Amino acid sequence: MKLKIGSLYGVLERLAAEGLIEPDREEAHNGRLRRYYRLTRDGRGALAEEAEIRAATARVVRARLGLAGADAAG
């Protein structure tokens, strides 16, 4: 799946509106302005929560497939 540029800007705007990211700096590169973002404290918390959800899902899938180490993360 390839993310379209317009979709990316919408996601960045939504994340900023939710207080999960904030602009860090802007730089000119090849005549175009690039904006860099950083996670906020709330953003780091949301990312950690999402990572745990994904890890728990992976553990369930591994267990159902009967894979060795199903109780290990990842």
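Keep in mind that this is a model prediction, so the values were computed, not measured.

## Quick word on the pairing of strand E2 (residues 32–39)
For step 1, the next point in the chain: The sheet contact formed by strand E1 (residues 21–29) and E2 spans eight bridges and is antiparallel. Looking at E2, one finds that glutamate 26 is bridged to arginine 35.
For step 2, the next point in the chain: The antiparallel pairing of E1 with E2 creates a hairpin that spans two residues between the two strands, and asparagine 30 there sits at a positive phi of about 50°.

## Details of the pattern of salt bridges
For step 1, the next point in the chain: Scanning the entire structure with this criterion turns up eight salt bridges.
For step 2, the next point in the chain: The residue arginine 14 makes a salt bridge to glutamate 18 at a minimum N-O spacing of 3.3 Å.
For step 3, the next point in the chain: Between glutamate 22 and arginine 38 there is a salt bridge, with the nearest N and O atoms lying 2.8 Å from each other. Placement of glutamate 22 in strand E1 and of arginine 38 in strand E2 is noted, with a sequence separation of 16 residues between them.
For step 4, the next point in the chain: With relative accessibility at 31%, the residue glutamate 22 sits in the partly exposed group.
For step 5, the next point in the chain: On the accessibility criterion, arginine 38 (41% relative accessible area) is partly exposed.
For step 6, the next point in the chain: A network of salt bridges, in which partner residues are shared, links Glu22, Asp24, Arg25, Glu27 and Arg38.

## Brief notes about the packing of aromatic side chains
For step 1, the next point in the chain: Counted by the stated rule, this structure contains zero aromatic pairs.
For step 2, the next point in the chain: The lysine or arginine in question, arginine 25, covers the ring of tyrosine 36, its NZ or CZ lying 4.1 Å from the ring centre.

## A closer look at helix H1 (residues 5–17)
For step 1, the next point in the chain: Relative to the 18 Å expected for 13 residues at 1.5 Å per residue, H1 spans 19 Å between its end C-alpha atoms, a close match to the ideal helical length.
For step 2, the next point in the chain: One or two positions beyond H1, positive phi appears at glycine 19, with a value near 75°.

Rules used throughout
Residues numbered from 1 in each chain as written. Predicted model: local features only at pLDDT ≥ 70, side-chain atom pairs only at ≥ 80, totals over all residues. Heavy atoms only, no water. Pairing = 2+ DSSP bridges. Helix = DSSP H or I, 4+ residues; strand = E, 2+ residues; numbered from the N terminus. Salt bridge = Lys/Arg side-chain N within 4 Å of Asp/Glu carboxyl O. Buried < 20%, exposed > 50% of the residue type's maximum accessible area, 1.4 Å probe, protein only. Phe/Tyr/Trp six-rings, centres within 6.5 Å; stacked < 30°, edge-to-face > 60°. Lys NZ or Arg CZ within 6 Å of the ring centre and 35° of its normal. Expected span 1.5 Å × (residues − 1).

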